[in-house]
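Secondary and tertiary structure notes
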Amino acid sequence: MNHAERERLFLDLFQQNKSRMHRLCFAYLNSPSDIDDLFQEIMTNLWNALPSFRGDSHPNTWLYRIAVNTALLYRRRQRPSAPLPEIEPPDLSPSTQQQMESAERLTALRRAIAELGDQDRLIITLLLESLSYKEIAEITGLTVNHVGVKISRIKHAIEQRITEVSHGAV
Amino acid sequence: MAPFDELQVLWQNQPEAGGSHFDAAAAAGAFRHYGRRQDTINIAKSIALAAITVYSVASMRHRPLFLFAVTLILFSAVLALITEWRNQRAIASFDFSAPSVAFVRGAIARLQKQRNPFHTREFGILFGAVFLGYNLMVVASYGKWTVSQRVIGHAAAVFLPAMIYVFARWVRARRWETECRPLVERLTVLLDTLEERAR
């Protein structure tokens, strides 16, 4: 891979996945500066890893693997034993009742995700990004069946947690 | 129970964190402009060094000590030029598409260092080489000089590098104001925004 090809592939992946990668960072961190730092680190690692990309898997799947590994290492390095940060409500500029409800629900979702273990958090984040079971299995290294079982359990836990929050039973 | 599809839509439509409202393209353009300007200046310096090299070899080939002194200065000048050029190219290629607080702080620090880049090993070698080289040139001219002329020659060889340093600092300070200050001001605004969001 020459420099021009590397740059083109990097820009393609960056443009296609910028928002997804930001949301993935949301799943692991909460402070905006930490999220920015992690995003920067993911992109740096992507750039460094590009020469070793052989095309065995889809580029987006490959990028997710880099992003997940970077996120896990980043969090361990930053706060090895600290509790998860307090979740801030997203800035949705709530001008209507519906927007306020959406903001509350998104906060509850983020909080529910933050309470999950690393692997479950990764799986639910990938599912929320509309990845297929097969793609999730490729990224996590689990079998498709195992992914299916885990998803069913995580979805139930998430929905239950959000329902508890919406009923004030925190 | 919250329907999962609804959560999926909510998740995918959430706003992005970080300096997404920062005009990354404009910043990249300003830094590219800085890079082009430095390229032009450094190319001019390279041509000047090449011309001095050719002239020195042609005119001083029968004066080995003189030629050695000039070569010493030229080699260290080339080393300093390459180091500085690489540093300036690195600054010009900063990517501000996803800036973080640490990254912007680092970028500002690197630009601030451009105000006085002479406190580096390479420039230390250059000033040392200039000092040594000028004194060697004086020694090379001993044959046709009187004792007092030699003393004056050595005094000038000490004084001249100091004057060059002061002049170079003055030129750099002026260049920094026009080349780097606008970039630093641009980044300071971005840094304030990012820090505000982090609070």
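This text gives an overview of the structure that appears in the document. (Residues numbered from 1 in each chain as written. Chains lettered and ligands numbered in written order. Predicted model: local features only at pLDDT ≥ 70, side-chain atom pairs only at ≥ 80, totals over all residues.)

**What about the overall build of chain A?**
The helix and strand tally for chain A stands at 7 helices and 0 strands. Element order for chain A, N to C, with α for helix and β for strand: α-α-α-α-α-α-α. In chain A, which comprises 170 residues, the proportion classed as buried is 31%. For chain A, the share of sequence-separated contacts (at least 6 apart) that also reach a separation of at least 24 residues comes to 61%. (Helix = DSSP H or I, 4+ residues; strand = E, 2+ residues; numbered from the N terminus. Buried ≥ 20, exposed ≤ 12 C-beta atoms within 10 Å, placed from the backbone. Contact = placed C-beta atoms within 7 Å.)

**Describing the environment of Glu115 of chain A**
All names here are of chain A. With respect to the element layout, Glu115 can be found in the loop between α4 (97-114) and α5 (118-128). Looking at Glu115, the number of C-beta atoms within 10 Å reads 13, which means it is partly exposed. Residues Glu115 and Arg161 lie 46 residues apart in sequence; the distance between their C-alpha atoms is 9.8 Å.

**Let's talk about the packing of helix α5 (residues 121-140) of chain B against helix α6 (residues 147-179) of chain B**
Axis angle and axis distance: for two packed helices, these are the angle between their axes and the distance between the axes, and together they describe the pair. Residue and element names in this part refer to chain B. Close contact between α5 and α6 brings their axes to 9 Å; oriented N to C, the two are set at 160°. Taken together, the axis directions place α5 and α6 in an arrangement best described as roughly antiparallel. At the point where α5 passes α6, the crossing takes the right-handed sense. Judged by residue contacts, Phe127, Val130, Phe131, Tyr134, Asn135 and Val138 of α5 engage Arg150, Gly153, His154, Ala157, Leu160, Pro161, Ile164 and Tyr165 from α6. (Axes fitted to C-alpha atoms, helices over the stretch in contact; angles between N-to-C directions. Parallel < 35°, antiparallel > 145°, perpendicular 65-115°, else oblique. Left-handed = near helix turned anticlockwise from the far one by under 90°.)

**Quick look at the nonpolar core**
Counting 39 residues, the largest nonpolar core has Cys25, Ala67, Leu109 and Ile123 of chain A as its most contacted members. A per-element tally of this core places helix α1 (residues 3-28) of chain A first, with 7 residues. Counting only domains with at least three residues in this core, you end up with domain 1 (1-81) and domain 2 (95-170) of chain A. Discounting chain neighbours no more than four positions away, the residues touching Ala67 of chain A are Met21, Leu24 and Ile42 of chain A. Ranked by size, the runner-up nonpolar core spans 15 residues in total, among them Ala27, Leu111, Cys180 and Leu194 of chain B. (Core = buried A, V, L, I, M, F, W, Y, C linked by C-beta atoms within 7 Å. Domains from an automatic or database assignment.)

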